[in-house]
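Survey of secondary and tertiary structure
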Amino acid sequence: MIIYELPDGQLLCCTQTAHALMAASFCQHWGNIDFAPPEPRDVLMAAIAQHDNGWWEWEQAPLLRADGYPMDFMHGPSGEEKLSIWQRGIARAAAQHPYAGVLIWRHAILLYDLVINMGLISDAEERAAIAAFAAEYEPWLAQLRSHTTDDATLRAWLQDNSVRSHTALLQFGDFASLQVTMKWDARRLIPGPTDNTGTLVDITMHYEGNTITFDPWPYGVDAFDVSIAGRLLEQRTFPTHHSYQQALATAPYRQISWRVQRS
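I will try to describe carefully the structure that is included in this document. (Residues numbered from 1 in each chain as written. Predicted model: local features only at pLDDT ≥ 70, side-chain atom pairs only at ≥ 80, totals over all residues. Heavy atoms only, no water.)

**Points about the packing of helix α3 (residues 79–96) against helix α4 (residues 98–117)**
- Packing of α3 against α4 leaves a shortest axis separation of 6 Å and a crossing angle of 155°. By the criterion of interaxial angle, the relationship of α3 to α4 is roughly antiparallel. Where α3 abuts α4, its residues Lys-82, Leu-83, Trp-86, Gly-89, Ile-90, Ala-93 and Ala-94 lie against Pro-98, Ala-100, Gly-101, Ile-104, Trp-105, His-107, Ala-108, Leu-111 and Tyr-112.
- Class assignment for the residues of the contact of α3 with α4 results in 12 nonpolar, 3 polar and 1 charged. (Axes fitted to C-alpha atoms, helices over the stretch in contact; angles between N-to-C directions. Helix = DSSP H or I, 4+ residues; strand = E, 2+ residues; numbered from the N terminus. Parallel < 35°, antiparallel > 145°, perpendicular 65-115°, else oblique. Contact = heavy atoms within 4.5 Å. Nonpolar A, V, L, I, M, F, W, Y, C, P; charged D, E, K, R; others polar.)

**Some thoughts on the side chain of Asp-174**
- When you line up the elements, Asp-174 lands in helix α8 (residues 160–181).
- No salt bridge is formed by the buried Asp-174. Its closest oppositely charged neighbour is Arg-188, at 8.0 Å.
- Engagement of the side chain of Asp-174 in a polar contact is seen with the side chain of His-51, the distance being 3.2 Å.
- Here Asp-174 is in contact with His-19, Ala-23, His-51, His-107 and Leu-111, once residues within four sequence places are set aside. (Buried < 20%, exposed > 50% of the residue type's maximum accessible area, 1.4 Å probe, protein only. Lys, Arg positive; Asp, Glu negative; His and termini not counted. Salt bridge = Lys/Arg side-chain N within 4 Å of Asp/Glu carboxyl O. Polar contact = N/O pair within 3.5 Å; in protein donor to acceptor, adjacent residues only side chain to side chain.)

**What about the state of the cysteines?**
- As enumerated under the stated definition, the model contains 0 disulfides in all.
- With no disulfide of its own, Cys-27 lies closest to Cys-14 among cysteine sulfurs, the gap being 18 Å.
- Assessed through its relative accessible area of 0%, Cys-27 is described here as buried. (Disulfide = S-S within 2.5 Å.)

**Re the nonpolar core**
- By size, the foremost hydrophobic cluster in this structure holds 82 residues, and its most contacted members are Ile-212 and Phe-214.
- Broken down by element, the residue count for this core peaks at 11 residues, all from α4. (Core = buried A, V, L, I, M, F, W, Y, C linked by side-chain atoms within 4.5 Å.)

**Some thoughts on a negative patch on the surface**
- The grouping of Glu-80, Glu-81, Asp-123 and Glu-125 at the surface amounts to a negative patch.
- On the basis of relative accessible area, Glu-125 is assigned to the exposed category, the value being 66%. (Patch = residues over 30% accessible without salt bridge, like charges linked within 9 Å, V, L, I, M, F, W, Y side chains within 5 Å. Areas by Shrake-Rupley, 256 points an atom, 1.4 Å probe, with all protein chains shown as cover. Charge placed at Lys NZ, Arg CZ, Asp CG, Glu CD.)

**Re the side chain of Ser-162**
- Relative to the elements of secondary structure, Ser-162 occurs in helix α8.
- Other than its neighbours up to four places away in sequence, Ser-162 contacts Tyr-99, Ala-156, Trp-157 and Asn-196.

**Thoughts on the pairing of strand β7 (residues 253–261)**
- Two strands pair when backbone bridges link them, and strand β5 (residues 211–215) and β7 are joined in this way by 2 bridges, in the parallel orientation. Counterpart to Thr-211 in the pairing with β7 is Arg-259.
- Note: strand β6 (residues 223–233) against β7, 9 bridges, orientation antiparallel. Paired with Phe-224 across the bridge in β7 is Val-260. (Pairing = 2+ DSSP bridges.)

**With respect to the pattern of salt bridges**
- Inspection of the entire model under this criterion finds 7 salt bridges.
- The shortest N-O distance in the salt bridge between Arg-145 and Asp-160 comes to 2.8 Å. In this pair, Arg-145 is assigned in helix α6 (residues 138–146) and Asp-160 in helix α8, connecting sequence segments 15 residues apart.
- Using a relative accessible area of 27% as the deciding quantity, one classes Arg-145 as partly exposed.
- Of the charged contacts, one joins Arg-262 and Asp-222 as a salt bridge, the two residues approaching to 2.8 Å between their closest N and O atoms. With Arg-262 in the segment after β7 and Asp-222 in the loop between β5 and β6, the pair connects residues that are 40 residues apart, well separated along the chain.

Encoded structure:
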């Protein structure tokens, strides 16, 4: 869950799946003379749009923090449950196309590497569980590669450089969406792929109000819109998880949008 605070103090509660759809919007127009269009496009867009689909069950009954404020993904659930969420999402994506599952797995590993390097996960048992999670899909990837000897296209996608490039595109959309919905720093460097073979370049994202710019510009259009929808709550804290869930179920929907344009 992402909790976006509006200027009037109301809370827009957005699901992780809504965020993932917004992440895909940041990648829909990718490609110009300096940035190669993503290929395979359909599979990549599906992976980006569904990279958080494992959250669906948890968000049917989201929880509160200890202070009664709605819990976002930064504050919970437990590390063990988050690993189960990733496993569920990878399986769902892989059932549609194995390469989509590979990209979400790689995305999860890179995120865990990031938060561990930042010192945000220090518990030895949790770190061991993450290492086991990272390793459990290696035999699956090896099997996929061995079973694609007659499919040159799929075999090329599964090479390390291709996976690196396509995972970077997924992460570009993910970070860009979170940057504005979590109200992180107004300026951020996000690596983006210039081709489909692993070459990355740092792209500066800047947002002010409802306007977002990127430099260098990776898109084939001059401007487009991105948006996210959620449930609008006037109340900011709740006495019980159940009261929060009831309020969400009857809360009106609200959509907020940003204009992405050349600087």
